[in-house]
Amino acid sequence: MAGGATTSLRHAGRHDREGQVRGFIVHSASRSGVASPPASGPDPGSRSGSRWRPALALLALLAAAPALAAEPLCEALTALGRSAEALRRGDPAASQLAARQARSALPHGPIGASAAATQGLALLAVERPAEAIEPLRAALVAPPGGLEGALRLALGRALVGAGRPAEALPVLAEAAQRGPASVSLGARWLEAEGLLAAGRVGPAALRLEGLLGSGSDEAQARRGRLLLAGARRLAGREEEALVLYRGLALDEPDRPEGAEAAAALAGWAAAGGARARLGGEDRLRRAERLLQRGRPAEALAEAELAPRSLPPAPAEPAALVRLLALAGLDRLAEAVEAARPLAASRHPGVRRGALWLLARAASRAGQVEEATSRYAQVAEGQAPVPGLGERRSRELGDEAAYLAAWLWYDTGDYPKATARLDAFARSRPASPRADDAQWFAAWSMLRAGDRRGALARLSRLERGPLADAALYWQGRLGGNRERLRRAALAAGDGWYGWLARSRLAALGAAPSPVPAVELRPPGPLEAAPAGRLAVAAALLSLGWRDAGVAALEGLAQRGASRATAVEVCRLATFAGEPALAFRVARDLLGQTQASERWLFPAAFEPEVAASARGAGVDEELLLSLLRRESAFRPEARSLAGAVGLGQLLPRTADRLGLLVGLSGATVDGLDDPATNLPLAALYLGLLGERFGSDAGAVAAYNAGPGPPAAWSAARAGQLLDEWVENIPYKETRTYVKTVLSTREVYRRLAGLPPLLDAAAPIPAAGAGVGF
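What you see is a predicted model; the values in this text were computed from it and never measured.

**Q** What is the right way to look at the overall build of the protein chain in this model?
**A** Counting secondary structure elements, the protein chain contains 40 helices and 0 strands. The 771 residues of the protein chain split such that 55% are buried. Long-range contacts, defined as pairs at least 24 residues apart, comprise 61% of the intrachain contacts of the protein chain with a sequence gap of at least 6. When the accessible surface of the protein chain is summed, it comes to about 31,700 Å², and 54% of that surface belongs to carbon and sulfur atoms.

Here it is as structure tokens:
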């Protein structure tokens, strides 16, 4: 146990750490960005005798035994193993060289075909498509089992990339017929691009229309809409092209396809196409979408253009979106001054948005009477607020009504808080904040000195979703060991389980062990998924990571049973895809002794370890944060515009990049772990320096440093359990509990003692990072 204010954040000197982080990013950026399999912790599949791992491991074993290479077969197998492993780890140059050696040793038969396939894939990976054509054709003479369709797709890609689309079309048509679902879909998309490149605009447009209606993923659909817009314009169907370009430019302003569409419209307008010009309402729509996706600086620029464009946007909605963008840039004082006249607007949505801004400002200034009055006005309305979107506008009323009650707790008027929170819970029983209202009503009574009344309320909450919390606090407030033991058992590896065990240890009682996880019998093995697993395993054995992972993703989404889920997790782990193994284990297996390492993977090693070490933060804390932020998906994007493993907002990443001397171009690659991981670790380390506790740093990572700094100043010296319980934002409160408790699970799996100390006092925040 950590004592006092001791935390797990290991503070290095700031300048030394920034130098280490800069060096790590530069080193990582020179790599391909393809993650290697998790290196730490045992693979739970290895104890069960996987059908696939021996076959996959054979290549690596042969590659590690050069003495076996005395004969052509052994020499070919050894080189092929090196080639597949190099391609899988993201070193196509080494893969291509080893594949050539394998083909030289044994040019014909299945081994030669596998070597030719790997050589072709490696050449594609280094963007040498013309050279990839010959080995891929050779591989198709005797294709490895189940991979004909995938290899035809690769050959089609090479032909299109080499400027030979007409030759690619029949190859891609066969790939679409003979490959599994993921291969077939990829072949049909590439066939459409090949038709366009070959000048066959009509058939290409028909194919794209069909694909856009087939439920393709969002990224491919955006690309398809852009291609179809170009095809429509080439065919002279300008109205349809304008609709497609405009839709992309307005709906996807933060995506490359949206930028390309906007550029196409600008070029069209400059060439005399007046209808291609973006008007004021178009600018306003782009500003709203950018604001909703966490791009306030770009939203501000568009909002300021909107009233000056022709035709101009409505003045008051444009003004409100501009003010919301200013607030998003932490220029709240500037926004508030301009919001006052809008609070009397006849436009109900504009009025509601202005009142919301004024309520936030009054709350920050401690003007509780004004804040609660304005929040109540917001709660009474239902009009959509320009810039917030329909969903956020709907949520606004419930949130405002809750804050109008909760602020009395925050300001210390506990009798009024109890009455208002009770009233909120009664009037909005279906609200997602109803439980919170009852919880803080109990805390209000406790703060007012009515301990008996508070304990009675907590006792009533034992029967609902807050049971583990209610048990813990009854035990904590009354020193009741039995209640603490019950809380530990009810919460397991959750927040209140770790708090209860910490308190029991402090009382000298034997802490309740973490409950044994459930062992589930496997379900029946399905024949069809097993066949698709064999294809995925064969793709991965060639080192063809992307295609293998796509096959596993398809299987996970369509038809994996609990039995096949185990195999998917094993193969995903081998492929270095912890996010896929995590999601499959979470959705299909649950937490068992066998699945724990998939549910709590030591993902993206050694990059996580290096990033944590360079930033002076605890590795288990960083892993826990990444698990909560993105589920280890490098491509993850939130509705607010946060990107990548650490879910960094672009404006935050820009500022962090300036600290370590990175260019904007590097920071733009936030979906690359080589960039995102060190920046996320650096940010967590800087927050740790400022807040002096893991709880404060993690809260600031979620909510931004401003609000947690105010909480820590007002409640300096509060103990960890109480400080976290008093976090006013439900999302942040849940976030802190999840990240800190998951860190303890990582420590347990690593054989490390618990670090969480429920009685550690939380210090006030000092000077430091403010963004």
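That covers the picture; the talk isn't over yet.
**Q** So what exactly am I meant to see when it comes to the packing of aromatic side chains here?
**A** Each aromatic ring pair is characterised by the separation of its centres together with the angle its planes make. By the definition in use, this model includes 15 aromatic pairs. Both rings, one in tyrosine 402 and one in phenylalanine 424, keep their centres 5.6 Å apart while their planes meet at 70°; by these two values the pair is edge-to-face. Note that tyrosine 402 is positioned in helix H20 (residues 389–411) and phenylalanine 424 in helix H21 (residues 414–427), a separation of 22 residues in sequence. In terms of burial, tyrosine 402 and phenylalanine 424 fall into one category: buried. Joined through ring pairs, the aromatic side chains of Trp406, Tyr409, Tyr414 and Phe440 make up one cluster. The residue whose ring lies beneath arginine 233 is tryptophan 268, and the NZ or CZ to ring-centre distance is 4.0 Å. The residue whose ring lies beneath arginine 501 is tryptophan 498, and the NZ or CZ to ring-centre distance is 4.6 Å.

**Q** Would you explain the environment of glycine 696 in this entry?
**A** In this structure, glycine 696 sits in helix H37 (residues 694–703). Taking the relative accessible area as the measure of exposure, glycine 696 reaches 1% and is therefore buried. For glycine 696 and proline 708, which are 12 residues apart along the polypeptide, the C-alpha to C-alpha distance reads 6.6 Å.

**Q** It is not clear to me how the confidence of the model for the protein chain should be interpreted in this structure. Could you clarify?
**A** Interpreting fine coordinate detail is not advised for predicted regions of low pLDDT. Chain-level statistics for the protein chain give a pLDDT mean of 84 and a share of 86% at 70 or above. Predicted confidence for residues 1–70 stays below pLDDT 50, and this span has 144 contacts to residues more than four positions away or in other chains.

**Q** Can you walk me through the nonpolar core in this structure?
**A** Soluble, globular proteins show a tendency: their nonpolar side chains are buried together. Of all hydrophobic cores here, the largest spans 196 residues; its most connected members are Tyr375, Leu421, Tyr472, Leu552 and Tyr701. With sequence-adjacent residues up to four places away left out, tyrosine 701 is seen in contact with Leu625, Glu629, Gly646, Leu648, Ala680, Tyr683, Leu684, Leu687 and Tyr735.

**Q** What is the right way to read helix H10 (residues 201–212) from this model?
**A** Residues separated by three or four positions in an α-helix point in the same direction, a consequence of the helix having 3.6 residues per turn. Relative to the 16 Å expected for 12 residues at 1.5 Å per residue, H10 spans 16 Å between its end C-alpha atoms, a close match to the ideal helical length. Taken together, the buried positions of H10 are occupied by Val201, Ala204, Ala205, Leu208 and Leu211. Down the axis of H10, the buried side of the element spans an arc of 125°, and every buried residue falls inside it.

**Q** How should the side chain of aspartate 757 be read in this particular structure?
**A** One can find aspartate 757 in the segment after helix H40 (730–749). For the buried residue aspartate 757, which engages in no salt bridge, the nearest side chain bearing the opposite charge is arginine 503, 6.7 Å off. In terms of polar contacts, aspartate 757 uses its side chain to reach the backbone amide nitrogen of alanine 759, at 3.0 Å.

**Q** What is the right way to read the packing of helix H23 (residues 451–461) against helix H24 (residues 467–478) from this model?
**A** Axes are the key here: two packed helices are described by the angle between their axes and the distance separating the axes. Running from amino to carboxyl end, H23 crosses H24 at an angle of 150°, the nearest separation of the two axes being 8 Å. One way to sum up the angle between H23 and H24 is to call them roughly antiparallel. Between H23 and H24 the crossing geometry is left-handed. Packed against H23, whose contacting residues are Arg451, Leu455, Leu458, Ser459 and Leu461, the element H24 presents Ala467, Ala470, Trp473, Gln474, Leu477 and Gly478 at the interface.

Here is what the cut-offs are and how they apply
- Residues numbered from 1 in each chain as written.
- Predicted model: local features only at pLDDT ≥ 70, side-chain atom pairs only at ≥ 80, totals over all residues.
- Heavy atoms only, no water.
- Helix = DSSP H or I, 4+ residues; strand = E, 2+ residues; numbered from the N terminus.
- Buried < 20%, exposed > 50% of the residue type's maximum accessible area, 1.4 Å probe, protein only.
- Contact = heavy atoms within 4.5 Å.
- Areas by Shrake-Rupley, 256 points an atom, 1.4 Å probe, with all protein chains shown as cover.
- Phe/Tyr/Trp six-rings, centres within 6.5 Å; stacked < 30°, edge-to-face > 60°.
- Lys NZ or Arg CZ within 6 Å of the ring centre and 35° of its normal.
- pLDDT = per-residue confidence, 0-100.
- Core = buried A, V, L, I, M, F, W, Y, C linked by side-chain atoms within 4.5 Å.
- Expected span 1.5 Å × (residues − 1).
- Arc of directions from axis to C-beta.
- Lys, Arg positive; Asp, Glu negative; His and termini not counted.
- Salt bridge = Lys/Arg side-chain N within 4 Å of Asp/Glu carboxyl O.
- Polar contact = N/O pair within 3.5 Å; in protein donor to acceptor, adjacent residues only side chain to side chain.
- Axes fitted to C-alpha atoms, helices over the stretch in contact; angles between N-to-C directions.
- Parallel < 35°, antiparallel > 145°, perpendicular 65-115°, else oblique.
- Left-handed = near helix turned anticlockwise from the far one by under 90°.

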